[in-house]
Amino acid sequence: MDWKSKVIFLTGASSGIGEALAIALATKGATLGLFARREALMKDLASRCERSGGTARVFAADVTDAAAIHQAADALRNEFGRIDILIANAGIGGNNAETRDLQPDAVKKVIDINLMGAVNAVHAVLPDMLERKSGQLVAISSLAGFRGLPKSAAYSASKAGMTAFFESVRLDVQHKGVDVTIIQPGFIKTPLTEGRHNKMPFLMELDDAIPLFINAIERKKKFAAFPWQLATIVRAGRIFPAWLYDRVAGRARYRE
Ligand SMILES: NC(=O)c1ccc[n+]([C@@H]2O[C@H](COP(=O)([O-])OP(=O)(O)OC[C@H]3O[C@@H](n4cnc5c(N)ncnc54)[C@H](OP(=O)(O)O)[C@@H]3O)[C@@H](O)[C@H]2O)c1
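Our subject in this report is the structure included herewith. By convention here, each chain's residues receive numbers from 1 onward along its written sequence. The model is predicted, so local features are restricted to residues of pLDDT at least 70 and side-chain atom pairs to those at 80 or more, both for listing and for counting; the totals for chains, interfaces and linings are taken over all residues. Only heavy atoms go into the side-chain values, all of them from the structure, while hydrogens and water stay out.

### Points about the packing of aromatic side chains
The line we're drawing: Centres within 6.5 Å are what make two rings of Phe, Tyr or Trp a pair, Trp counting through its six-membered ring; a difference in plane orientation under 30 degrees is then read as stacked, over 60 as edge-to-face, and the rest as tilted. Each helix is a run of DSSP H or I of at least 4 residues and each strand a run of E of at least 2, with the numbering of both proceeding from the N terminus. Only protein chains enter the accessibility calculation, which uses a 1.4 Å probe. A residue is then buried if its area is under 20% of the maximum for its type, exposed if over 50%, and partly exposed in between. Only when the NZ atom of a Lys or the CZ atom of an Arg is both within 6 Å of the ring centre and within 35 degrees of the ring normal do we say a charge sits over the ring.
Scanning all chains against the criterion turns up three aromatic pairs. Look at F9 and F35: their rings are 5.8 Å apart centre to centre, the planes differ by 75°, and that puts the pair in the edge-to-face class. Pair noted here: F9 is in strand β1 (residues 7-11) and F35 is in strand β2 (residues 31-36), with a separation of 26 residues, a long-range link. Pair check on accessibility: F9 and F35 agree, each one buried. For the ring pair F165 and F166, a centre distance of 5.6 Å and an interplane angle of 80° mean the geometry is edge-to-face. Residue classification places F166 among the buried residues on the basis of a relative accessible area of 0%. Across the ring face of Y245, the terminal group of R147 is positioned such that the distance to the ring centre comes to 4.0 Å. Note that R170 overlies the ring of F223, its terminal NZ or CZ placed 4.8 Å from the centroid.

Quick look at the structure:
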């Protein structure tokens, strides 16, 4: 893929996977629209992107604000002519007592950011991609979206919804020049997983994970799940009958 010619709209750019992806793609010469709430972090990241050989613009807003995402996408398109790739990455783990207690406001927040935030981003870029018959939507979903997980109802639901949303969109755009890539990572060391005491099997270093994200985008994979060990276990779990799944997954001590 000729990254030098690509204009990328990246949500959740201020830390973790988004930040590392921004630097890696800037190093390849890409133009990036960095979107998240923490402006100071993104300004610093934008300078690092430019020093690495890329071009970067900063848009500080909340993904749940549909109008703000539209404005950011418009500004990026106005300056660079188009958006080639959306990476819908913004998300929260919802790892707190309110969410685990299934308090509706807390659950809604996780679903609003993780699922509706991605919906807002898709809505801001897809019509123009369809008009140009060219583009790629990338969802940073999760292995947590394959089946329900203990103590993770909100997060798991948000990621299952995200996977289903992007797969459904793919069916609608598959012959219209727009590709859809759904990435389903396991555990990666980022601020989202920092400080967790629960078991995180096959936890990956960010540096080892970033090439896998980029490879999935470059090859326009429909799905990419990693690390392979956890992806294999989670895929096997999908065909377990409910009684067996409940016994095995209900005992698991991890959460995501
Ligand atoms: N780390 C893992 O193990 C793992 C595994 C599977 C999937 N994922 C997914 O990967 C994505 C990135 O996570 P990460 O691990 O890199 O975590 P992270 O370091 O906490 O990054 C999350 C990013 O999302 C942004 N964000 C959160 N709420 C937002 C909002 N309301 N509006 C705009 N931006 C918002 C944050 O920026 P601001 O706070 O500045 O807004 C931040 O840039 C998430 O969707 C996560 O679910 C992570």
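Alright, that's what it looks like, and here's the rest.
### What to know about the nonpolar core
Quick reminder of the rule: Here, nonpolar core refers to any group of buried Ala, Val, Leu, Ile, Met, Phe, Trp, Tyr and Cys residues whose side-chain atoms link them within 4.5 Å. Contacts between residues were defined by any pair of non-hydrogen atoms, one from each residue, lying within 4.5 Å.
Core analysis: the largest hydrophobic core is formed by 36 residues, its most contacted members being L34, I87, I183, I210 and F213. Breaking this core down by element, the ones donating at least two residues are β1, α1 (16-27), β2, α2 (39-51), β4 (85-88), β5 (135-140), α7 (206-218) and β7 (223-226). If sequence neighbours within four positions are ignored, I183 has contacts with V138, A139, I140, S141, S142, F213, A216, I217, A224 and F226. Within the second largest apolar cluster, 34 residues are counted, among which are L86, A88, A124 and I182.

### Considerations on the pairing of β5
The cut-off we apply is this: At least two bridges found by DSSP between two strands is the condition for calling them paired. Convention used here: a crossover is right-handed provided that the path from the first strand, over the helix, to the second strand proceeds clockwise when the strands point away from the viewer.
β5 sits mainly inside the fold: six of its six residues count as buried. Covered by surrounding structure in β5 are G135, L137 and A139 together with Q136, V138 and I140, the residues of both alternating faces. Relative to β5, β4 is paired through four bridges, and the arrangement is parallel. Along β5, the bridge assignment pairs A88 with A139. Relative to strand β6 (residues 178-185), β5 is paired through six bridges, and the arrangement is parallel. Across the sheet, residue I140 finds its bridge partner in β6, namely I183. You can see the chain leave β5, run along helix α6 (residues 153-173) and come back into β6, and the turn it takes is right-handed.

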